Structure formats: structure tokens, C-alpha cells
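Architecture and fold: a report
So you can see what is in the structure, the chains are spelled out below.
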Amino acid sequence: MPESAVRTLPPVPASEWLRPLPPALRFILQGDAEVRTTAAAAWGVGFSAVPCRATVGDGRATLWLGPDEFLLMAADPDAASSIAAALAQALEGRPHALVDVSHRQFALEVSGPHAATILSGACPLDLDLAEFPVGMCTRTVLAKADIVLWRTREDAFHLEVWRSFNAYVTGLLSEIAREFYG
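The following paragraphs examine the structure supplied in this document. (Residues numbered from 1 in each chain as written. Predicted model: local features only at pLDDT ≥ 70, side-chain atom pairs only at ≥ 80, totals over all residues. Heavy atoms only, no water.)

**So, the sheet that holds strand S10 (residues 156-162)**
Across a sheet, paired strands are connected by hydrogen bonds in the backbone, their directions being either parallel or antiparallel. Ordered by their spatial adjacency, 5 strands build an open sheet running S1-S7-S10-S9-S8, and the pairing between neighbours is antiparallel. Unpaired on one side and paired on the other, strand S1 (18-20) and strand S8 (137-142) mark the two borders of the sheet. Within this sheet the neighbouring strands show an average axis-to-axis angle of 30°, counted without direction. Here strand S9 (residues 145-153) pairs with S10 via 6 bridges, running antiparallel. Paired with Arg153 across the strands is Ala156, a residue of S10. Relative to strand S7 (residues 105-111), helix H4 (residues 166-181) is tilted by about 5°, and along the sheet it contacts S1, S7, S8, S9 and S10. (Pairing = 2+ DSSP bridges. Helix = DSSP H or I, 4+ residues; strand = E, 2+ residues; numbered from the N terminus. Axes fitted to C-alpha atoms, helices over the stretch in contact; angles between N-to-C directions. Contact = heavy atoms within 4.5 Å.)

Below you can see the structure in the form of C-alpha cells.
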């Protein structure tokens, strides 16, 4: 697997409700239940049995994006080659796809008492806590931008955004948030 592209975070206007998250390692893993069981041992974090839920542990997270598709994230982006090698070795001979997408996207956190309302200004999902509880994650859109949305706390959301949508997403969120944060 080729080395991950070295990139810096795009500029994000940090505020009390919006902040860029540190660089991370990201893989998309596609495979059946046997692949997931095998990958969990090498990855160090299990895979949720409940659709659209995240499993977290030891600086890593596994997000269910589809029936056989998962986003694997690790806080240490420098470990890409060793993690990729461990996963590739564990999954050898099993039909799967493992793609490093670390270079393609970055993460934002939208938090605070108005986080769900701000996101609802451009996201078609019902983000009420009863409908989108802590730990839930999904692919969705924020206006015209594809994102992965993950509720990490009652008042906080993790957004995975493609780098090319940086100005669009942060500008849109800032415009919506003006109602609450001037």
C-alpha cells in the first residue's frame, strides 16, 4: 500500500462551537462478517452489531457506514503503514477492500447547546437526541457536501468532510450559527 499523502489541515476558523480536529488515520474497509471479525483483532477495536453506530477504544474508532462498509479512524496518522500492514496480513486471502482515505478528508467538531440546531440548518436528518443518539453515525449531506456525521456527545458532533469542501462547509455552518453566536 502506498504511503499516505502528507497534508496539513485546511484553515478552519475555530470558535466556541466549531473547531478542527487533529489529523487522523482513516481507512474504508469493505467486507463481510468474517472479514470484520478478523479485522477487529488486528485493528484493536470491534465492529458494532447495530447499524449506523460507532465503536470506540484506545484512540481508535470504527464507524458503520453501510451493510459491509466501515470507516476506521485512528488518532495516530503516522502509524498508517504499520496499521495497513497488520490489517492486510490479517485479511490476506479473504475478499475485502481496504483503502487509506486519510488524505481525502479532515474532521470538524460542532459542539455546544446549539450544535444540533446549527447542523439541522443544512442537514436533512432529524438530529433530536431521541432519533440520533450518542454513538450514532451515518453518511449524509450538509447542503451540497457529502459528510460523515457522528454524534460523540449529547452536545457534540464529529464531521468528516472532504478537503475540497472546507470553505463551503465552514462558511455555511458559520452563516447558520450567526443566529446564535453573532
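**Describing the sheet that holds strand S3 (residues 54-57)**
Across the sheet, which stays open at both edges, the 5 strands sit in the order S3-S4-S5-S2-S6 with antiparallel pairing between neighbours. The outermost strands of the open sheet, each flanked by one partner alone, are S3 and strand S6 (97-100). Adjacent strand axes in the sheet meet at a mean angle of 20° when their direction is disregarded. Where strand S2 (residues 25-30) meets strand S5 (residues 69-74), 6 bridges bridge the pair, whose relative direction is antiparallel. The partner of Leu29 across the bridge, within S5, is Phe70.

**Re helix H2 (residues 80-91)**
End to end, H2 covers 16 Å across 12 residues, agreeing with the expected 16 Å (1.5 Å per residue, within 8%). Listed as buried for H2 are Ala80, Ile83, Ala84, Leu87 and Leu91. Projection of H2 onto a plane perpendicular to its axis shows the buried side chains occupying an angular sector of 100°, all on one side. Against the buried residues of H2 lie S2, helix H1 (33-43), strand S4 (60-66), S5 and S6. Immediately beyond the C-terminal end of H2, within one or two residues, lies Gly93, with a positive phi of roughly 85°. (Expected span 1.5 Å × (residues − 1). Buried < 20%, exposed > 50% of the residue type's maximum accessible area, 1.4 Å probe, protein only. Arc of directions from axis to C-beta.)

**Quick look at the packing of aromatic side chains**
The relation between two aromatic rings is expressed through the spacing of the ring centres and the mutual angle of the planes. What the rule picks out here adds up to 4 aromatic pairs. Each ring, one from Trp17 and one from Tyr181, has its centre 6.1 Å from the other, and the planes form 15°; the classification is stacked. Within this pair, whereas Trp17 is found in the segment before S1, its partner Tyr181 is found in helix H4, the two being separated by 164 residues in sequence. Relative accessible area serves as the criterion here: at 25%, Tyr181 is assigned to the partly exposed category. Aromatic pair Phe47 and Phe70: ring centres 4.9 Å apart, planes at 85°, arrangement edge-to-face. Of this pair, Phe47 sits in the loop between H1 and S3 while Phe70 is found in strand S5, placing the two residues 23 residues apart along the sequence. Taking the relative accessible area as the measure of exposure, Phe70 reaches 1% and is therefore buried. (Phe/Tyr/Trp six-rings, centres within 6.5 Å; stacked < 30°, edge-to-face > 60°.)

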